[in-house]
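# Results of the structural survey
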Amino acid sequence: MTLVQGGVCAAKGFKASGIHCGIRANRTKKDISLIFSEKNASCAAVYTTNLVKGAPLTVTKENISDGYAQAVICNSGNANTCNSDGIEIAKKMCSLVSEALGIDSHDVVVASTGVIGQKLNIEPIKAGIPLLVSALSKDGNEAAAEGIMTTDTFKKEIALKFTVGGKECTIGGMAKGSGMIHPDMATMLVFITTDVAISPEMLQKALSTDIANTFNMVSVDGDTSTNDMVTVLANGMAGNSPITDDGEDFQAFMKALNTITVSLCRMIAGDGEGATKLLECTVSGASDKNTAKTVAKSIICSSLLKAAMFGADANWGRVLCAIGYSKADVDVNKIDVAFKSSKGTVEVCKNGSGIDFSEEKAKQILLEKEIDILVDLNSGKEEATAWGCDLTYDYVKINGDYRT
């Protein structure tokens, strides 16, 4: 696999755009994005498990029930959630796109992100659609990635080339996500495009399998959002023999998809609201996969641990505490803990008990921008990784006046 430029436009047949249409008051910020495939594409998606769901999710789920889509429209600045006319607005967004592009309105994925409980005015979107469509281009990936941002501090996108059945294929993705990140699937918006030929059923299997170990292992603040989802479009323009069952080609696609999703997970976690550090927790030596995942997620979700990482404090007791209330079946007398960064590694706990270590060295390690929390349960061979960020003063500042 080789990393390439282009994000969601890197794969054959995809174009994108992003503009300011007037949903946001700040005219310097793009607030609507569009992705378009020249050919109708297999489509798969996963959605938030929050009982309060944004209207766009309901409409998207209905639209792609046949397994296909050709365009994605997404606005930022307003979540279109908890609104009496939400479904109507989401469907109108789809019809506006279908009319402008000459495609079926049921082949449109619609998404919204932003403030919950405020009505979304369709007029700015209606007025902006002609410009949004005319701006579609193979170089439109960055504008599209910018148009879906809310409190994100940078555009999140990645693309790579790989081989399936002797054919060169490409996959790319973009994401938004900074706050309300605690997926159970999912609490961010992620759009992935590929020119691989794959059936809708196998595409859904690939996505549903992957998210269990990627997006569902990310947490910024423990809040599961109402609106967000991960969507994949595969238009088949790479010309490979269609993937219709398990096998070597499916595994090659899964590996490429996982590379994209892990990269986006790290970007989302590292850009948590107010965050200064990316935290990656790897739990090894677990008796089973579920135990490893439960422990890793519990550690990465600990507010006390996140605060300690912000202060570069090697307070490993907070790691043990998080393991203890995770309800995972572990032997606490076998647990080893270490902290690692580009400055080195420091072991802080052995067999569930503290050991002597240099606080000065630990401080230098924890002052870095990327911190690895290494936990060995010494009870088996399974492992799992979770991603998160530190908890800072700025998180409260950002969310204290997010709506106003």
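What you see is a predicted model, and the numbers here were worked out from it, not measured in a lab.

Helix and strand counts for the protein come out as 11 helices and 15 strands. The C-alpha radius of gyration of the protein comes to 22 Å, within 12% of the 22 Å expected for a compact globule of 404 residues. Considering only C-alpha atoms, the protein reaches an extent of 70 × 55 × 35 Å along its principal axes. Sorting the 404 residues of the protein into buried and exposed places 56% on the buried side. Relative to all contacts within the protein whose residues are 6 or more apart in sequence, the contacts with residues 24 or more apart total 80%. Carbon and sulfur atoms make up 48% of the accessible area of the protein, which totals about 16200 Å². The centroid of the 39 positive side-chain charges in the protein is displaced by 3 Å from the centroid of its 48 negative side-chain charges.

As a further point, take the confidence of the model for the protein. The pLDDT averaged across the protein works out to 93; a share of 95% of its residues lies at or above 70. A low-confidence stretch, residues 181–187 (pLDDT under 50), is modelled with 42 contacts involving residues beyond four sequence positions or located in other chains.

Here Arg24 shows up in the loop between β2 (14–19) and β3 (32–47). A relative accessible area of 17% means that Arg24 is categorised as buried. Separated by 51 residues in sequence, Arg24 and Asn75 place their C-alpha atoms 9.7 Å apart. Once residues lying within four places of it in the same chain are set aside, the contact partners of Arg24 are Lys29, Lys30, Asp31, Ser76, Gly77, Met149 and Thr150. In terms of polar contacts, Arg24 uses its side chain to reach the side chain of Ser76, at 3.3 Å. There is a polar contact of 2.5 Å between the side chain of Arg24 and the backbone oxygen of Met149.

Parameters at a glance
Residues numbered from 1 in each chain as written. Predicted model: local features only at pLDDT ≥ 70, side-chain atom pairs only at ≥ 80, totals over all residues. Heavy atoms only, no water. Helix = DSSP H or I, 4+ residues; strand = E, 2+ residues; numbered from the N terminus. Rg over C-alpha atoms; globule rule 2.2 N^0.38 Å. Buried < 20%, exposed > 50% of the residue type's maximum accessible area, 1.4 Å probe, protein only. Contact = heavy atoms within 4.5 Å. Areas by Shrake-Rupley, 256 points an atom, 1.4 Å probe, with all protein chains shown as cover. Lys, Arg positive; Asp, Glu negative; His and termini not counted. Charge placed at Lys NZ, Arg CZ, Asp CG, Glu CD. pLDDT = per-residue confidence, 0-100. Polar contact = N/O pair within 3.5 Å; in protein donor to acceptor, adjacent residues only side chain to side chain.

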